[in-house]
Amino acid sequence: MSQLPQISDAEWQVMKIMWAKAPCTANQVVDYLSEIMAWQPKTIKTLINRLLKKKALGFKVDQQDKKTYHYYPLISEKECVKAESQSFLQRVFDGSPNILLANFIHEYELSQQDINELKQILEEKTKK
């Protein structure tokens, strides 16, 4: 898919379920999300319909009862995370990963393990 749809924060919650558990019925998504969100079933079904219209989700009709829809993602989590990361980097840090990293390092407590992992990532990046 060349142009990824804009996905709201609430829609991300539905997509996370889809990426982890697809195919899912709407009722299964309601069950999964009701464990972590205080949303009404109608709200969750509205989010599913929005994602269908945005072509982020597809569906297949159950061959047994012909009434149940099984939803699945049409876009990968990796694609969405990459696009969202690039958008955030551009919007907040003018596209500069250096500024993002510097801000992150200065603003958050990092354990020695965190620092070692970051060093390893940077070392691997320089080898490419």
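The preceding data block contains the structure.
Residues numbered from 1 in each chain as written. Predicted model: local features only at pLDDT ≥ 70, side-chain atom pairs only at ≥ 80, totals over all residues. Heavy atoms only, no water.

Draft legend 1. Region of interest: the layout of surface pockets. The volume enclosed by the largest pocket comes to roughly 230 Å³. Every residue lining the largest pocket is listed: L101, I105, L118, I121, L122, E124 and K125. Of all the elements in the fold, those that place two or more residues in the lining of the largest pocket are α5 (97-107) and α6 (112-127). Among the elements that line the lining of the largest pocket, the one with the most residues is α6, at five residues. The volume enclosed by the second largest pocket comes to roughly 180 Å³. (1 Å grid on protein atoms, 1.4 Å probe; cavity = no way out; pocket = protein on both sides within 12 Å on 5 of 7 lines; lining within 4 Å. Points joined across faces, edges and corners; volume = space filled by probe spheres on them. Helix = DSSP H or I, 4+ residues; strand = E, 2+ residues; numbered from the N terminus.)

Draft legend 2. Representation of a nonpolar patch on the surface in the model. On the surface, a cluster of nonpolar side chains totalling about 470 Å² of accessible area is made up of L101, F104, I105, Y108 and L122. Per element, the largest residue contribution to the nonpolar patch is three residues, and it comes from α5. With respect to the helices, strands and loops of the structure, L101 is situated in helix α5. Using a relative accessible area of 32% as the deciding quantity, one classes L101 as partly exposed. (Patch = residues over 30% accessible without salt bridge, like charges linked within 9 Å, V, L, I, M, F, W, Y side chains within 5 Å. Areas by Shrake-Rupley, 256 points an atom, 1.4 Å probe, with all protein chains shown as cover. Salt bridge = Lys/Arg side-chain N within 4 Å of Asp/Glu carboxyl O. Buried < 20%, exposed > 50% of the residue type's maximum accessible area, 1.4 Å probe, protein only.)

Draft legend 3. Representation of the nonpolar core within the structure. Residues V14, M15, V29 and I48 are the most contacted members of the largest nonpolar core, which totals 22 residues. For M15, the residues in contact, after removing those within four places along its chain, are I7, L51, A56, L57, P73 and I75. (Core = buried A, V, L, I, M, F, W, Y, C linked by side-chain atoms within 4.5 Å. Contact = heavy atoms within 4.5 Å.)

Draft legend 4. Quick look at unusual backbone geometry. Residue A22 is joined to P23 through a cis peptide bond whose omega torsion reads 0 degrees. Relative to the assigned elements, P23 resides in the loop between α1 (9-21) and α2 (26-34). We note that K55 has phi near 65 degrees; this positive angle belongs to a residue other than glycine. Tracing the backbone through its elements, the reader meets K55 in the loop between α3 (41-53) and β1 (57-61). Owing to a relative accessible area of 52%, K55 belongs among the exposed residues under this scheme.

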